[in-house]
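# Examining the three-dimensional arrangement
So the chains spell out like this:
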Number of protein chains: 2
Amino acid sequence: MRRSLSSRERLIEAARHLFAGAGFDATSVRAITARAHANLGAVTYHFGSKQALYHTVIERFALPLADRLAAIAAEPAPPLERLASVVRGFLDHIWSHPEMPRLIARELASDRPLPSPIAHVIRRNAEAISRIVAEGQRDGSIRPGPPQLFAMSVAGQPLFLALAGRAIREATGKDPADPAARSLITEHVVANVRAGLANAAPAPVAETAP
Amino acid sequence: MRRSLSSRERLIEAARHLFAGAGFDATSVRAITARAHANLGAVTYHFGSKQALYHTVIERFALPLADRLAAIAAEPAPPLERLASVVRGFLDHIWSHPEMPRLIARELASDRPLPSPIAHVIRRNAEAISRIVAEGQRDGSIRPGPPQLFAMSVAGQPLFLALAGRAIREATGKDPADPAARSLITEHVVANVRAGLANAAPAPVAETAP
DNA sequence: TAGCAGTTCATACGTTTGTATGATATGATA
DNA sequence: TATCATATCATACAAACGTATGAACTGCTA
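What you see is a predicted model; the values in this text were computed from it and never measured. (Residues numbered from 1 in each chain as written. Chains lettered and ligands numbered in written order. Predicted model: local features only at pLDDT ≥ 70, side-chain atom pairs only at ≥ 80, totals over all residues. Heavy atoms only, no water.)

## With respect to the protein's contact with DNA strand C
- In the neighbourhood of DNA strand C, 14 residues make up the surrounding shell, with Ser-7 and His-46 of chain A together with Val-29, Arg-30 and Lys-50 of chain B lying closest.
- Among the atoms of DNA strand C lying within 4 Å of the protein, the sugar-phosphate backbone contributes 50%.
- Note that a phosphate oxygen of DNA strand C is positioned 3.2 Å from one of the side-chain N or O atoms of Tyr-45 of chain A.
- Lys-50 of chain B has a polar side-chain atom sitting 2.6 Å from a phosphate oxygen of DNA strand C.
- If you list the elements that add at least two residues to the surface near DNA strand C, you get α3 (42-47) of chain A together with α2 (29-35) of chain B.
- For the surface near DNA strand C, the per-class residue count stands at four nonpolar, seven polar and three charged. (Near = heavy atom within 4 Å. Polar contact = N/O pair within 3.5 Å; in protein donor to acceptor, adjacent residues only side chain to side chain. Helix = DSSP H or I, 4+ residues; strand = E, 2+ residues; numbered from the N terminus. Nonpolar A, V, L, I, M, F, W, Y, C, P; charged D, E, K, R; others polar.)

## Let's talk about the pattern of salt bridges
All names here are of chain A.
- In total, this model carries 20 salt bridges over all chains according to the counting rule given.
- Between Glu-99 and Arg-16 there is a salt bridge whose closest N-O contact spans 3.6 Å. Highlighted residues: Glu-99 in helix α6 (residues 99-109) and Arg-16 in helix α1 (residues 7-22), separated in sequence by 83 residues. (Salt bridge = Lys/Arg side-chain N within 4 Å of Asp/Glu carboxyl O.)

## Observations concerning the relation of the copies chain A and chain B
- The transform that puts chain A on chain B rotates by 180 degrees and translates by 0.0 Å along the axis, for an RMSD of 0.0 Å. Considering both components of the superposition, the chain copies are consistent with a two-fold axis. Measuring from the rotation axis to each C-alpha of chain A, the shortest distance belongs to Gly-196 of chain A, at 1.9 Å.
- Looking at the interface residues of chain A, 100% of them are also at the interface in chain B, so both copies use one shared face. (Least-squares fit on C-alpha atoms with pLDDT ≥ 70 in both. Contact = heavy atoms within 4.5 Å.)

## Quick look at the protein's contact with DNA strand D
- The environment of DNA strand D is made up of 14 residues, and the closest members are Val-29, Arg-30 and Lys-50 of chain A together with Tyr-45 and His-46 of chain B.
- Taking all atoms of DNA strand D within 4 Å of the protein, the share assigned to sugar and phosphate is 52%.
- Contact distances for DNA strand D include 3.5 Å between a phosphate oxygen and a backbone N or O atom of Thr-27 of chain A.
- With respect to DNA strand D, the side chain of Asn-39 of chain B contributes an N or O atom lying 3.5 Å from a phosphate oxygen.
- Contributions of two or more residues to the surface near DNA strand D are made by α2 (29-35) of chain A together with α3 (42-47) of chain B.
- By residue class, the composition of the surface near DNA strand D is four nonpolar, seven polar and three charged.

## Side note on unusual backbone geometry
- Backbone geometry places His-37 of chain A, a non-glycine residue, at a positive phi of 50 degrees.
- Positionally, His-37 of chain A belongs in the loop between α2 and α3.

## Considerations on the packing of helix α1 (residues 7-22) of chain B against helix α6 (residues 99-109) of chain B
All names here are of chain B.
- Where α1 meets α6, the axes come as close as 8 Å, and the angle between the chain directions of the two elements is 50 degrees. On the basis of the axis angle, α1 is oblique to α6. Crossing of α1 against α6: the hand is left-handed. Where α1 abuts α6, its residues Arg-16, Phe-19, Ala-20, Gly-21 and Ala-22 lie against Glu-99, Arg-102, Leu-103 and Arg-106.
- Looking at the contact of α1 with α6 residue by residue, the class counts come to four nonpolar, one polar and four charged. (Axes fitted to C-alpha atoms, helices over the stretch in contact; angles between N-to-C directions. Parallel < 35°, antiparallel > 145°, perpendicular 65-115°, else oblique. Left-handed = near helix turned anticlockwise from the far one by under 90°.)

Below, the structure is given as structure tokens:
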């Protein structure tokens, strides 16, 4: 844990790592402060509670991701190309925030209400992707079906593949920390999403505007 | 909690529900025994420890799933059909064991070594699916690419869609507990996997044996 | 130098945790 | 009825937990 960072930042960094690895409940305030080289009271002082620190950790990755994907969704490219960009952006964001899929997975698995930043990012991304899919269905480039389910598949594949990094390492011998393996995985998911959504029949020519 | 079941079975049932909803660490032995209408000492008596009860819960769904998918994989059908059957079997198993994806997601997210029944079922399924994919690539019905990554996508989509049931309910208004919604989701995943793996070009005729 | 806000520190408190213990109850067998 | 393994029960215990408290330290401003 870098001593150069402020105590508050060190706490966030330590908490992110420990929450992702062991979950909220199995991570003690004592473990966090020890890893951050901070005093036991530091969490209460800087954040008020362990819960509040947890929410801070989540906001750190959730808000930028929502913004990033919204920007991609607004690009002036064909729907399938934009969806490929969404997948690339998603995975790129995950590679630089490896804790994200683990924290999200735990929250999705949980009975507790979703922390609001997570609920927010899921809602925004699902809507943005659904809109792209619907647009592609209108112009015939994407096959028919419920856009919301397509959206779950588009977002779910990057999330799950990252989450299963461990299993992938065992099954393929490739370490997802290695850039070559990362781009292999990225290209796989992009190709899979593209092939999964594309209209098999050559897209019928959309009626030209009068 | 049905009183008709043996105390041991009631403990497993209660534990499965609570572990899935709150995770291992946030579930207390007291909560389990209260839900099972059993005495506090019952977990120690019947299983030896909370950990051992957890492992019992996991084995209950992991072993049957591995057997089931292995049977499907051995069927004498074309590779793409067998993969569709794998997806259906996977989802069918999940619908009757809704706790499964939640428990698996938590384990995949965790730093701890995978409990052996989970590691076992992952390994067996990944191998079985990879073999089908490789076979399909040989006969030209499945597009080229690393079979292990295809396997992760095939298994990951049912798992993730089930895990995201909550988000799906919010986004689509459909409750995955409803059979109609279930078959909608099942058919979506089947179609998605099929389209994602199929060779876009018409399969080249395999050389006939001499 | 005095004062003060911001931060760090050691320590204490009341809960909750998983497990151990020994007494009691139950139901089949002798 | 006596015996015995199996099961249930109420308690006890030490450890770990999140948080609160008040003293000590820090660096800046008056």
